[in-house]
Amino acid sequence: MNLTNGTLLASLLAVALVANAVPLKTDPAKSTVSASFKQMNVPVDAKFTKFTANIDYDPAKPDAAKASVEIDTASLDLGDPLMNKEVAKKDWFNSAQFPKATFVSSGIKAAGPGKMTVTGKLSIKGKTSDVSFPLTVKTEAGKHTFDGTLPIKRLTYNIGDGEWKDTSMVADEVLIKFRVSAAQ
């Protein structure tokens, strides 16, 4: 093989590798991100209405998967316009200064059929921490559905400053639940 053939072969291999690493396209109509918590010991469920999820996933190579999620913090819908405006304020998400919450995976490991363990960095309101959570994956007709729940402590991210640090009013524990539907 001469240099020209070797260069051509290397280029073709690079193109093939890039072609296999094409990110999945998220179906926003079938994808959700929500937060569940307790306020005065009453369960509250709220949805984020604006978010993007980027997933590189090949079922044949689950350990090579990568994911990132970006959530518009002002899009939390608690079912009441006044409450929605309140959580965007400085004491809660401070959406004017911190408009996005982000998650970027650093590792995704197979944990059995249709199961994975995801690790990465979660950043909310200028605070970043390492997180880990289980994930299930279902694949049907070339479409993948990723389901998971990430438990966090809201005070770790300064969500609820001032009088809202009192966890008897709003619990510290929050479950971020998500379902992302995606295909190539």
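Calculation notes
- Residues numbered from 1 in each chain as written.
- Predicted model: local features only at pLDDT ≥ 70, side-chain atom pairs only at ≥ 80, totals over all residues.
- Heavy atoms only, no water.
- Phe/Tyr/Trp six-rings, centres within 6.5 Å; stacked < 30°, edge-to-face > 60°.
- Helix = DSSP H or I, 4+ residues; strand = E, 2+ residues; numbered from the N terminus.
- Buried < 20%, exposed > 50% of the residue type's maximum accessible area, 1.4 Å probe, protein only.
- Salt bridge = Lys/Arg side-chain N within 4 Å of Asp/Glu carboxyl O.

- Under an unreviewed UniProt entry, the name given to the chain is YceI family protein, and the organism recorded is Massilia antarctica.

1. Some thoughts on the packing of aromatic side chains
Centre distance and the angle of the planes are the two values used to describe a pair of aromatic rings.
For step 1, the next point in the chain: Counting across every chain of the model gives five aromatic pairs.
For step 2, the next point in the chain: Seen in terms of ring centroids, Phe-48 and Phe-93 are 6.1 Å apart; in terms of plane orientation they differ by 65°. Their pairing is edge-to-face. Taken as a pair, Phe-48 in strand β3 (residues 42–48) and Phe-93 in the loop between α2 (81–88) and β7 (100–110) lie far apart in primary sequence, 45 residues in all. Residues Phe-48 and Phe-93 agree in their burial class; the two are buried.
For step 3, the next point in the chain: Here the aromatic rings of Tyr-57 and Phe-146 are separated by 5.3 Å at their centres, their planes lie at 85°, and the arrangement is edge-to-face. Within this pair, whereas Tyr-57 is found in the loop between β4 (51–56) and β5 (66–72), its partner Phe-146 is found in strand β10 (residues 143–153), the two being separated by 89 residues in sequence.

2. Considering the pattern of salt bridges
For step 1, the next point in the chain: If you walk through the whole model with that rule in mind, you get five salt bridges.
For step 2, the next point in the chain: In this structure, Lys-125 and Asp-161 form a salt bridge, with 3.2 Å as the shortest nitrogen-oxygen distance. Here Lys-125, found in the loop between β8 (115–124) and β9 (127–140), pairs with Asp-161, found in the loop between β10 and β11 (173–183); they are 36 residues apart in sequence, far enough to count as distant.
For step 3, the next point in the chain: Among the ionic pairs, Arg-179 bridges to Asp-147, the shortest N-O distance being 2.7 Å. Within this pair, whereas Arg-179 is found in strand β11, its partner Asp-147 is found in strand β10, the two being separated by 32 residues in sequence.

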